[in-house]
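Chain by chain, the residues run as shown.
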Amino acid sequence: MKKYIQLLLLCLSFVTIQAQESSKLKSNFHLGLDLQTKYVWRGMEMMATDAAPVLFPNLNYQYKGFYAYVMGGYSVNGKYAEVDLGLSYTYKFITIGINDYYYPSTTTPFDHYFNFKPNETGHWLEAAITIDPEKIPAYLTVSNFFAGADKNLEGKQAYSTYAELGGYYDFLNSHRIALAVGFALNKSCYNAYERGFSVCNVELKYTYNLCIKDDFLLPLSVSYIVNPIFNKSHVNFTASLSF
């Protein structure tokens, strides 16, 4: 795993410098690539078995308050895959958006991406709202899976709802420490559809913005994550490249 991480960071640094030297005009399109040593999302361990570092290539388009993206998630051992789409709009400090999460098969060349039948689809459709005041270092986000594969133990739509309250503190120009607490608001995918309101995610994260060249930064972070529901804890390293 160390070799994977060292090689990727070396490639990220080289690509970043080359991209900055060749970029002269600003575009509304942006590319990105993230690396996570442990894929944990909203407190949930996304690879409970055969765990491996995961790469997240992404493309996004930004225009005024509109934001659209497509993102993939692929483990280095080939055991995990994810394809996400999203569209959002931000007005002042409020963002509303819709996301589509899909998890392709990694064991066969055939899949069911265009199957949107309610009881068969593998898509998870989500609506979300985030309140992020400009002058207050805190945010609140609430999301709900309103359609798709989110089914409870009876096979009915679960409408899994997640809320997260977070805050952060910036210091010494390029450092940030942040704390976020996430809640499952009903019987949902975040608590195995077995509990009601519950704390499912506590994350303490430190981020250092590494200056590669001039004003270009490479964010590096380490998170300590606790999931009280499943009685598990994780330490995750993330490197994020964007240009």
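Relevant structure appears above.
The model shown is predicted, which means the values in this text are computed figures rather than measured ones.

## A look at the pattern of salt bridges
The final tally for this structure, using the stated rule, is five salt bridges. With a closest N to O distance of 2.5 Å, Lys-232 and Glu-45 form a salt bridge. Here Lys-232, found in strand S14 (residues 232-242), pairs with Glu-45, found in strand S3 (residues 44-45); they are 187 residues apart in sequence, far enough to count as distant. For Lys-232, a relative accessible area of 38% translates into the label partly exposed. Measuring nitrogen to oxygen at the nearest pair gives 2.6 Å for the salt bridge that ties Arg-176 to Asp-170. Note on Arg-176: relative accessible area 32%, which makes it partly exposed. The network of salt bridges with common partners includes Lys-38, Glu-45 and Lys-232.

## Things to note about the nonpolar core
Ranked by size, the top nonpolar core spans 18 residues in total, and within it Tyr-39, Trp-41, Trp-124, Phe-145, Cys-189, Tyr-190 and Cys-200 carry the most contacts. If we ignore the near neighbours within four places in the chain, the residues touching Phe-145 are Trp-41, Tyr-101, Trp-124, Leu-125, Glu-126, Asp-150, Gln-157, Tyr-159, Ser-160, Cys-189 and Tyr-190. The next biggest cluster of nonpolar side chains, apart from the first, holds five residues, and it includes Phe-216, Leu-218, Ala-239 and Leu-241.

What counts and how
Residues numbered from 1 in each chain as written. Predicted model: local features only at pLDDT ≥ 70, side-chain atom pairs only at ≥ 80, totals over all residues. Heavy atoms only, no water. Salt bridge = Lys/Arg side-chain N within 4 Å of Asp/Glu carboxyl O. Helix = DSSP H or I, 4+ residues; strand = E, 2+ residues; numbered from the N terminus. Buried < 20%, exposed > 50% of the residue type's maximum accessible area, 1.4 Å probe, protein only. Core = buried A, V, L, I, M, F, W, Y, C linked by side-chain atoms within 4.5 Å. Contact = heavy atoms within 4.5 Å.

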